[in-house]
Amino acid sequence: MPDFTPPALLDRVYQTLDINADTQAALSRATQTLSVGVPLRRDDGSLEVLSGWRVQYDTTLGPAKGGIRFHPDVNAEETTELAFWMTIKCALMDLPYGGGKGGVKVDPKKLSPMEVERLARSYVRAVYDSVGPNRDIPAPDVNTDARVMGWMVDKYSNIARRREPAAITGKPICLGGSEGRTASTGQGALHVLNEWMKRQEKAPEDTTIAVQGFGNAGAHFAMLAHQAGYKVIAVSDSGGAIHAEDGLDPQAVWQHKNAEKELKGMVYCDSSVCEQDDYDTLDKGKLLSLDVDVLALAALQNAVTDDNVGGVQAPLVLELANGPVTADADATLQDNGQTVLPDVLVNAGGVTVSYYEWIQGRTGDRWSADEVGDRLKRRMTGAAKDVFDRMEERDIPAREAAYGIAVERIANAIASRGDEAYYRG
Ligand code: NAD
């Protein structure tokens, strides 16, 4: 059993659902961990060889699927953990994928745009043999965006000597990307929140939200939630937080934050939400303890830990980031009667639209924004209903319900090919 996933949670899922031993063995470790040196020629002519990884955790349900992260904290263990969560997420969403993840240990904000491009291409060269449209399909994650995916698919196609749009998802639309991909994680999270609020009989207009992490996932969630009538009263990024009791205009904040990046064509932008004069600034840690109805966590993992969980007042915590609440903090929130809607459900909009992009890349078809939006809404709402129904029927937390559905799907696939019970007769 992976030691990073709350062992008690997986144990409970295995026991209560009588999951076959083959599945437990299959999910006990990654299928493949590729560790690579990623050469990077710096602008000054020097050569650095960075550490990179690509992990395929489990491929029972299909080729591995998962993002690529450029961050100084990337390591083999974290990449494995994220690949395991992708395995659960894809199974929960009933996508024909297993779980994968990749990354390079680097601070991309210290690189020039040309160095980032060389890094993206070099990473693809390093992992080329183990990825591809039927094998393992990368996508963006922290500090990698559509432009980076464009460079990556170009490199993949150069090496393959043919166009391979389905090898990478999250590409720019003009290079074979899908309508709706950029906002898909935030949009998917909003569908989950809407379904939850419907069950609580609470209107968006009466619901306040604070968002930690005003990046791709968090900013789109905030903008779409605002459009849907929710009151977003605080947002933060690594530079700080802003707050307005009557509600912010997330669209204006996003435009302001990105103005410099767009002006200079920069890959990374260090400007922060708190550089704006229109709103009060707040210590970014304090955002977590605001008296709001919904706390949306969209930065990085381990944002809510034993140390700060006591301050969290929101009755509902939405995990847009992967693993933002530690296992201990999760248990504390549960004991306090607070609900945590888990990452494997809440942020699954991204991989779902990646799946639509992959289909379009394989068939040559182009779907309209409305078509993508309708399909995403149906799939997210359906998955949310499945999780919430199971929570109610079995009186279990949302995370346990989500893991149960996912692990059952993987177990059924393994059993259908013959498991221990079948061979023993
Ligand atoms: P991003 O880099 O665009 O945004 C992350 C944001 O968090 C940035 O604005 C950063 O400044 C902020 N941040 C970092 N540390 C912070 C702190 N201590 N306090 C407040 N803000 C802080 O990345 P992203 O793509 O939005 O991803 C965010 C999370 O969502 C990650 O965990 C990622 O794995 C997960 N996720 C993203 C997607 C997607 O499609 N983008 C899909 C699934 C999951």
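The coordinates are above.
Owing to the predicted nature of the structure, the values given are computational and were not obtained by experimental measurement.

What counts and what doesn't
Residues numbered from 1 in each chain as written. Predicted model: local features only at pLDDT ≥ 70, side-chain atom pairs only at ≥ 80, totals over all residues. Heavy atoms only, no water. Core = buried A, V, L, I, M, F, W, Y, C linked by side-chain atoms within 4.5 Å. Buried < 20%, exposed > 50% of the residue type's maximum accessible area, 1.4 Å probe, protein only. Helix = DSSP H or I, 4+ residues; strand = E, 2+ residues; numbered from the N terminus. Contact = heavy atoms within 4.5 Å. Near = heavy atom within 4 Å. Polar contact = N/O pair within 3.5 Å; in protein donor to acceptor, adjacent residues only side chain to side chain. Areas by Shrake-Rupley, 256 points an atom, 1.4 Å probe, with all protein chains shown as cover. Nonpolar A, V, L, I, M, F, W, Y, C, P; charged D, E, K, R; others polar. Salt bridge = Lys/Arg side-chain N within 4 Å of Asp/Glu carboxyl O.

*Asks:* Explain the nonpolar core to me, please; I cannot follow it from the model alone.
*Replies:* The nonpolar side chains of a soluble globular protein tend to be buried with one another. The biggest cluster of nonpolar side chains holds 85 residues, and the ones touching the most others in it are Leu193 and Phe221. Broken down by element, the residue count for this core peaks at ten residues, all from helix 13 (residues 398–416). In this structure leucine 193 touches Ile209, Phe221, Tyr230, Val294, Leu316 and Leu318, once residues within four positions along its chain are discounted. Within the second largest apolar cluster, 26 residues are counted, among which are Val104, Val116, Ala120 and Tyr156.

*Asks:* Please clarify how the site of the ligand should be interpreted in this entry.
*Replies:* Taken together, 21 residues lie around the ligand, and Thr185, Asn216, Ala217, Ser238 and Asn322 are the ones closest in. Contacts to the ligand include arginine 69, whose side-chain N or O atom sits 3.0 Å from an oxygen atom. Contacts to the ligand include arginine 181, whose side-chain N or O atom sits 3.5 Å from an oxygen atom. For the ligand, whose free accessible area comes to 820 Å², the fraction covered by protein is 83%. Counting residues per element, the ones that place at least two in the shell around the ligand are helix 7 (216–227) and strand 7 (231–237). Considered class by class, the residues forming the shell around the ligand number seven nonpolar, nine polar and five charged.

*Asks:* How should I be thinking about the pattern of salt bridges in this particular structure?
*Replies:* Two side chains that carry opposite charge are able to pair once their charged atoms sit near each other. Within the structure shown, the criterion is met by 26 salt bridges. A salt bridge links glutamate 195 to arginine 199; its shortest N-O distance comes to 3.7 Å. Of this pair, glutamate 195 and arginine 199 both sit in helix 6 (residues 184–200), four residues apart, which is roughly one turn of that helix. On the accessibility criterion, glutamate 195 (5% relative accessible area) is buried. Note that glutamate 420 is salt-bridged to arginine 424, the shortest N-O span being 2.9 Å. Residue glutamate 420 and its partner arginine 424 are both found in helix 14 (residues 420–424); the two are separated by four residues, about one turn of the helix. The class for glutamate 420 is partly exposed, based on a relative accessible area of 32%. Overall, arginine 424 belongs to the exposed group, its relative accessible area being 68%. Each member of the salt-bridge network shares a partner with another, and the members are Glu195, Lys198, Arg199, Asp389 and Glu392.

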